[in-house]
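Secondary and tertiary structure notes
Single-letter residue listing:
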Amino acid sequence: MTATETEQRQAIIDACLKMNALGINQGTSGNVSLRHEDGMLISPTSTPYEQLAPEDIVFMAWDGVVDGRLQPSSEWRFHLDIFKARPEVNAVVHAHPNYCTTIAIMGKKIPAIHYMIAVAGGSDIRCAPYATFGTAELSANAVQALQDRKACLLEHHGMIATGASLDKAMWLAVEVEALARQYHGCLQIGEPPLLSEEEIENVIKRMATYGHRDKADAA
Ligand code: 13P
C-alpha cells in the first residue's frame, strides 16, 4: 500500500468519525467512499468507526471484485454506480441525518426554501423512491435522483452527498442537513414560499465565483 493510499484510507475513517461528531449520523448507519485507481475505497460494513484502521477500508474494483479483510459497506452498489455514472464525483458520503431522514420519511424533496439549495446543483434536492437498503433498485433510484444534482434524499432512509473531493462531499452533507432542518421548521408554520427557478439559476451563476477571496481571482 502506498503512502497516498494509506492517507486516502485514513481520510475515509476521519470522515466517518466526523459525520458522527457533527451529529449528521449515528452508529454505523453511514458509509463513505473515494474513487481510487480502477475502482473505489469504501468503509466496511457494520464496523464502529472508532475501531477502524486503514487496512479495514475495502477496495472494490469496477466489476465488484473486492480486496480487503472485511466486507464492504452494504451500500456499495450505489457508491459504485454513482462513480460510474458521474465522472466528476470523487467522493460519496451516505448518512442518516435526522432532519434529512424526517423529510425523506414523509416522501418529500427539499424545495427552494433558501438560496443555499443551489449548492446541491439545482432548485431542489430530490427524494429517491424507497427500495430496500443495499439493493440494485435503491442504487438505480439514487442515481436517477442525483441527475444534475450533487445530493439527494432516500425515502424512509437518509441522504447521499457527493463531491469532487471528500471535504466537499462532507461540507455538502452538512449543508443539506441544515436545509432539511430549515424546511422542517418552515413546515411547522405552514407551506413555505419558494424561490423561483430563475433566481436559483442566478444564484448558481453567482456561486461560480463565490469563495475567490483574492482580488486577483475576482478580476
Ligand atoms: P453499512 O453496511 O455501511 O454499515 O451501512 C448500514 C446502513 O445503514 C446502510 O444504509
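See the structure printed just above.
To start, this report covers the structure provided alongside it. Computed from a prediction, not measured in an experiment: that's the story for all the values here.

**Let's talk about a negative patch on the surface**
On the surface, Glu197, Glu198, Glu199 and Glu201 cluster together to form a negatively charged patch. Position of Glu199 among the secondary structure elements: in helix H6 (residues 197-207). By relative accessible area, Glu199 is classed as partly exposed at 32%.

**Re the packing of helix H2 (residues 76-85) against helix H4 (residues 136-145)**
The N-to-C vectors of H2 and H4 enclose an angle of 40°; their axes lie 9 Å apart at closest approach. Considering their axes alone, H2 and H4 lie oblique with respect to each other. Of the two possible hands of crossing, H2 and H4 adopt the one that is right-handed. Of the residues in H4, those in contact with Arg77, Phe78, Asp81, Ile82 and Ala85 of H2 are Ala136, Leu138, Ser139, Ala142 and Val143. Here the residues of the contact of H2 with H4 are counted per class, giving seven nonpolar, one polar and two charged.

**Observations regarding the side chain of Ser73**
Structurally, the position occupied by Ser73 is in the loop between strand S4 (66-67) and H2. When residues no more than four places from it in sequence are discounted, the contact partners of Ser73 are Asn31, Ile42, Ser43, Pro44 and Thr45.

**Some thoughts on the site of the ligand**
Within the structure, the ligand sits among Thr28, Ser29, Gly30, Asn31, Thr45, Ser46, Ser73, Ser74, Glu75, His94, His96 and His157. Within the backbone of Ser46, an N or O atom sits 2.8 Å from an oxygen atom of the ligand. Between the ligand and the protein, one listed contact pairs an oxygen atom with a side-chain N or O atom of Ser73 at 2.7 Å. A total of 310 Å² of accessible area belongs to the ligand in isolation, and the protein chains cover 89% of it. By residue class, the composition of the shell around the ligand is no nonpolar, 11 polar and one charged.

**Observations regarding the nonpolar core**
Counting residues in each nonpolar core, the largest one holds 45 residues, and the members touching the most others are Ile110, Leu153 and Val176. In terms of residue count, helix H5 (residues 166-189) provides more of this core than any other element does, nine residues in total. Not counting residues up to four positions away in its chain, the partners in contact with Val176 are Cys100, Ile110, Ile125, Ala151, Leu153 and Met159. Within the second largest apolar cluster, 19 residues are counted, among which are Leu80, Phe83, Ala142 and Ala145.

**Quick look at the pattern of salt bridges**
Overall, the coordinates contain six salt bridges when judged by the stated rule. Glu5 is the partner of Arg9 in a salt bridge, and the nearest nitrogen-oxygen pair spans 2.9 Å. In this pair, Arg9 and Glu5 are both assigned in helix H1 (residues 3-21), four residues apart and thus about one turn of the helix distant. The residues Arg9 and Glu5 share a single accessibility class, namely buried. Put simply, Glu88 and Arg86 hold a salt bridge, and the shortest N to O gap is 2.8 Å. Classification of Glu88 as partly exposed rests on a relative accessible area of 43%.

**Some details on the sheet that holds strand S5 (residues 91-95)**
Here we have eight strands laid out as an open sheet, ordered S4-S3-S2-S1-S5-S8-S7-S6, and mixed in their pairing. With one partner strand each, in any of the chains shown, S4 and strand S6 (127-128) form the two edges of the open sheet. Both strand S1 (residues 31-36) and S5 contribute to a ladder of four bridges, which runs antiparallel. When the bridges of S5 are listed, Asn31 appears paired with His94. Packed on one face of the sheet, H1 meets S1, strand S2 (39-42), strand S3 (58-61) and S5 and runs near 155° to S1. On top of the sheet, helix H3 (residues 98-105) reaches S6, strand S7 (151-154) and strand S8 (158-163); it is set at about 60° to S7, its chief contact.

**Describing the state of the cysteines**
All chains considered together, the criterion is met by zero disulfides. Cys152 provides the cysteine sulfur closest to Cys100, a residue in no disulfide bond, and the two sulfurs are 9.9 Å apart.

Reading guide: rules and limits
Residues numbered from 1 in each chain as written. Predicted model: local features only at pLDDT ≥ 70, side-chain atom pairs only at ≥ 80, totals over all residues. Heavy atoms only, no water. Patch = residues over 30% accessible without salt bridge, like charges linked within 9 Å, V, L, I, M, F, W, Y side chains within 5 Å. Areas by Shrake-Rupley, 256 points an atom, 1.4 Å probe, with all protein chains shown as cover. Salt bridge = Lys/Arg side-chain N within 4 Å of Asp/Glu carboxyl O. Lys, Arg positive; Asp, Glu negative; His and termini not counted. Charge placed at Lys NZ, Arg CZ, Asp CG, Glu CD. Helix = DSSP H or I, 4+ residues; strand = E, 2+ residues; numbered from the N terminus. Buried < 20%, exposed > 50% of the residue type's maximum accessible area, 1.4 Å probe, protein only. Axes fitted to C-alpha atoms, helices over the stretch in contact; angles between N-to-C directions. Parallel < 35°, antiparallel > 145°, perpendicular 65-115°, else oblique. Left-handed = near helix turned anticlockwise from the far one by under 90°. Contact = heavy atoms within 4.5 Å. Nonpolar A, V, L, I, M, F, W, Y, C, P; charged D, E, K, R; others polar. Near = heavy atom within 4 Å. Polar contact = N/O pair within 3.5 Å; in protein donor to acceptor, adjacent residues only side chain to side chain. Core = buried A, V, L, I, M, F, W, Y, C linked by side-chain atoms within 4.5 Å. Pairing = 2+ DSSP bridges. Disulfide = S-S within 2.5 Å.

Interpretation note: all reported values are geometric properties and have no functional meaning in isolation.
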